[in-house]
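Remarks on the overall topology
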Amino acid sequence: MVLMETDTIECAIDNDEIHLNNNNNNNKFSSTKSQGGATVVISPATSVHELLECPVCTNSMYPPIHQCHNGHTLCSTCKTRVNNRCPTCRQELGDIRCLALEKVAESLELPCKFYNLGCPEIFPYYSKLKHESLCNFRPFSCPYAGSDCPVVGDNTFLVAHLRDDHKVDMHTGCTFNHRYVKSNPREVENATWMLTVFHCFGQYFCLHFEAFQLGMAPVYMAFLRFMGDEEDARNYTYSLEVGGSGRKLTWEGTPRSIRDSHRKVRDSHDGLIIQRNMALFFSGGERKELKLRVTGRIWKEQQNPDSGVCIPNLSV
Amino acid sequence: MISGEVEPRITDLQIQSRVHELLDLPVCTNQMSSAIYHYQCPNEHTQELNNENTKKKPYNCPHSGSKCDGTGDIPWLLLHLRNDHNVEMHDGRSFSHRYVHHNPKHLHHATRMLTLLDCFGRQFCLYFEAFHLRKTPMYIAFVQFMGDEEEAMCFSYSLEVGGNGRKLTWQGVPRSIRDSHKTVRDSQDGLIITRKLALLFSSDNNSNKELKLKVSGRVWREQ
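Residues numbered from 1 in each chain as written. Chains lettered and ligands numbered in written order. Predicted model: local features only at pLDDT ≥ 70, side-chain atom pairs only at ≥ 80, totals over all residues. Heavy atoms only, no water.

Right, let's talk about the overall build of chain B for a bit. Helix and strand counts for chain B stand at seven helices and 13 strands. A separation of at least 24 residues holds for 62% of the contacts in chain B among residues at least 6 apart in sequence. Accessible surface, chain B: about 11,700 Å² in total, of which carbon and sulfur atoms supply 48%. (Helix = DSSP H or I, 4+ residues; strand = E, 2+ residues; numbered from the N terminus. Contact = heavy atoms within 4.5 Å. Areas by Shrake-Rupley, 256 points an atom, 1.4 Å probe, with all protein chains shown as cover.)

Here is the structure:
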């Protein structure tokens, strides 16, 4: 069974495509369907999709799908929580699997749940979830570091959320000059971090500064994330610099997309990492107090991979 | 929340920010290297500098630290390094090397490479080393001056490592070879990166987890 009734399909579709194999997601077929947008979903498919909704948790059901003696269905997660009683008719639940419904689901094709955000794609029931976890039209997650904030939305919404709910500092401009101060830098057992949002080039960037333990050594790390997708992040480059007493450390790189979590970027070491001793050295004075000045800037430039250069190889 | 992690205390870390045009960081030529890494009393330090014998004291071989007992003046050391340790000498103030480490995960002990640089009528030691800093695998590169600290302070050097759209640059003052290689390494007074970052730099030119680090740099005279 396919989603479309022949009546609503554009005349452009050939007869061949109506006999489309369920597993064949032909692009032309998909793009034609997408012109209908949300209105494509019509009665027969909708009722099947509704049948696949668990009556208890209302999530989509995936194999194994269960049923009671009277035929009421239930998802496997909820089955473990209903004390062997069907929530619909209160009869005793067995271990009956509703294979027929699982098979019907195989032939169901549905639009991506982000169709209202612009995603034109249609997927078979069993691959829809995977696509939706990677869909480019899906909203962004709140980029705040620390405990995972569940808020999602577009960038404009998230910037306001960071400002109002997380009290994050906002700056306009593409250069920065921050001084990180910590009176007792030896207390770095728990990870501590700061986030500042920069607005430039019509985009938003998140500058993270964090103290944590790298293995057993205390370090500080600064890195930039871009509020947008990786593809767009590649249009920008940023630099970070620390220094003092005749020494200077400069990092230059591409901001990571906020699609990559703060923790993932931190643990990949993709930024400016300074050992605590060196950070204290740069702080000057007695070197007991952290007063680290970090300067930096963001500019529009794509980084190219290094071209091959003929230089001697030295094996370690 | 992942178990083991505690809610971060943002009150511990304050931020003082001023948004400026980016200013060049003034390179402070107030050389304080020894004072920090040795925590020497200023008086002791001054004594050592004023002691003329210091300048005539032979230098220890900078090659393997404690393993080689060779001592002598600079010309003797240069011959010793070339003949006995097969160390290469490069002419010129700038350099570019690629370090290849075939099985970076199999590194169990520190491994280092030494190259000599000849410029400004003087010689410098360029070290590249793979080691563990409290169990975390790291790489460090730094330059030491074949001579005394007084003269070392007249120079600066930069080291740059990068790849895969990223670049890290270190600018520093060469330490005198009066400081052992190990002292300089343990004070982290050089370009230091984790193995993870090194592999990130390497990952655009190889799919296997082989380390291919391009390190370039130059030496120059201050003033």
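Moving on from the coordinates now.
Residue and element names in this part refer to chain B. In terms of burial, strand β8 (residues 136–145) is largely enclosed, as 10 of its 10 residues are buried. Across the two faces of β8 the burial is the same, with T136, M138, I140, F142 and Q144 and P137, Y139, A141, V143 and F145 all buried. As defined by bridge partners, strand β7 (residues 122–133) adjoins β8 across 10 bridges and the pair is classed as antiparallel. Within β8, the residue paired with F128 across the bridge is A141. Between β7 and β8, which pair antiparallel one after the other, the connecting turn spans two residues, and R134 there sits at a positive phi close to 45°. Alignment of β8 against strand β12 (residues 191–194), held across four bridges, turns out to be antiparallel. Counted as the bridge partner of A141 is L191 from β12. (Buried < 20%, exposed > 50% of the residue type's maximum accessible area, 1.4 Å probe, protein only. Pairing = 2+ DSSP bridges.)

On to the pattern of salt bridges. This model, assessed by the stated rule, comprises 21 salt bridges over all chains. The partner of B:R166 in a salt bridge is A:D270, and the shortest N-O contact between them spans 2.6 Å. Residue B:R166 is located in strand β10 (residues 166–172), and its partner A:D270 is located in the loop between α9 (262–267) and β16 (272–275); the two belong to separate chains. In this pair, the class of B:R166 matches that of A:D270, namely buried. Residues joined in a network through salt bridges with shared partners are A:R256, A:D260, A:K264, A:D270 and B:R166. (Salt bridge = Lys/Arg side-chain N within 4 Å of Asp/Glu carboxyl O.)

Moving on, we get to the UniProt feature "domain: RING-type" (unreviewed entry) in chain A. Under the present numbering, the feature "domain: RING-type" (unreviewed entry) in UniProt falls on residues 54–90 of chain A. Between the end C-alpha atoms of residues 54–90 of chain A there is a gap of 16 Å, over a span that is 11% helix and 11% strand. (UniProt positions renumbered as here; feature names shortened; annotations may be inferred.)

For the rest of this paragraph, the subject is the nonpolar core. A:L240, A:L292, B:M146, B:L168 and B:I193 are the most contacted members of the largest nonpolar core, which totals 91 residues. Beyond its immediate sequence surroundings of up to four residues, A:L240 is in contact with A:F176, A:L207, A:A222, A:F223, A:L249, A:T250, A:W251, A:L272, A:V294, A:T295 and A:G296. Counting 18 residues, the second-largest nonpolar core is a separate cluster that includes A:C54, A:L93, A:C98 and A:L101. (Core = buried A, V, L, I, M, F, W, Y, C linked by side-chain atoms within 4.5 Å.)

Okay, the environment of B:A141 next. Secondary-structure assignment places B:A141 in strand β8. Along the backbone, B:A141 and B:R82 are 59 residues apart, and their C-alpha atoms lie at a distance of 21 Å.

Below, the discussion takes up helix α6 (residues 125–134) of chain A. Residue and element names in this part refer to chain A. Looking only at α6, the buried set comprises Y125, K128, H131 and E132. Down the axis, α6 shows its buried residues gathered within 100° of arc, on one side only. Along α6, exposed side chains directed more than 90 degrees from the buried face belong to K130 and L134. (Arc of directions from axis to C-beta.)

Right, let's talk about the sheet that holds strand β2 (residues 73–74) of chain A for a bit. Residues and elements named next belong to chain A. Spatially, three strands are ordered β2-β1-β3 in an open sheet, and the strand pairing comes out antiparallel. The open sheet terminates on both sides in strands that have one partner only, identified here as β2 and β3 (96–97). In terms of strand pairing, strand β1 (residues 66–67) meets β2 through two bridges, oriented antiparallel. The partner of Q67 across the bridge, within β2, is T73.

For the rest of this paragraph, the subject is the packing of aromatic side chains. Scanning the model with the defined rule gives 19 aromatic pairs over all chains in all. Between B:F124 and B:F145, the ring centres sit 5.3 Å apart and the planes meet at 55°, which makes this aromatic pair tilted. One end of the pair, B:F124, is in strand β7; the other, B:F145, is in strand β8, and 21 residues separate them in sequence. Of the two residues, B:F124 and B:F145, both sit in the buried class. Within the aromatic cluster, the residues linked to one another by ring pairs are A:F201, A:F205, A:F226 and A:Y236. The aromatic ring of B:W220 is capped on one face by B:R218, whose charged end is 4.2 Å from the ring centroid. (Phe/Tyr/Trp six-rings, centres within 6.5 Å; stacked < 30°, edge-to-face > 60°. Lys NZ or Arg CZ within 6 Å of the ring centre and 35° of its normal.)

All names here are of chain A. At the junction of P63 and P64, the peptide bond is cis and its omega measures out at 0° in the coordinates. Looking at the element boundaries, P64 is found in the loop between α3 (43–51) and β1. Phi is positive for N84, close to 60°, though the residue is something other than glycine. Looking at where N84 falls in the secondary structure, it is placed in the loop between α4 (76–79) and β3. Of note in the backbone geometry, R90 takes a positive phi value of approximately 70° without being a glycine. Within the secondary structure, R90 is located in the loop between α4 and β3.

Using the criterion set out here, one finds three cavities of 30 Å³ or more in the structure. Empty space within the largest cavity amounts to approximately 80 Å³. In terms of lining residues, the largest cavity is bounded by A:G271, A:I273, A:Q275, B:M138, B:L168, B:I192, B:I193, B:T194 and B:L197. For the lining of the largest cavity, the element with the most residues is β12(B), which contributes three residues. Across the lining of the largest cavity, the residue classes break down as six nonpolar, three polar and no charged. Size it by volume and the second largest cavity reaches roughly 60 Å³. Residue lining of the second largest cavity: A:L249, A:I273, A:I274, A:Q275, A:M278, B:W170, B:Q188, B:G190, B:L191 and B:I192, and that is the complete set. (1 Å grid on protein atoms, 1.4 Å probe; cavity = no way out; pocket = protein on both sides within 12 Å on 5 of 7 lines; lining within 4 Å. Points joined across faces, edges and corners; volume = space filled by probe spheres on them. Nonpolar A, V, L, I, M, F, W, Y, C, P; charged D, E, K, R; others polar.)

A residue is classified by how much of its surface remains accessible, and A:D270, at 1% relative accessible area, is buried. Of note is the side chain of A:D270, whose polar atom sits 2.8 Å from the side chain of A:R256. A distance of 2.6 Å separates a polar atom in the side chain of A:D270 from a polar atom in the side chain of B:R166. Setting aside its immediate chain neighbours within four residues, A:D270 contacts A:M221, A:F223, A:Y238, A:W251, A:R256, A:V265, B:R166 and B:L200. (Polar contact = N/O pair within 3.5 Å; in protein donor to acceptor, adjacent residues only side chain to side chain.)

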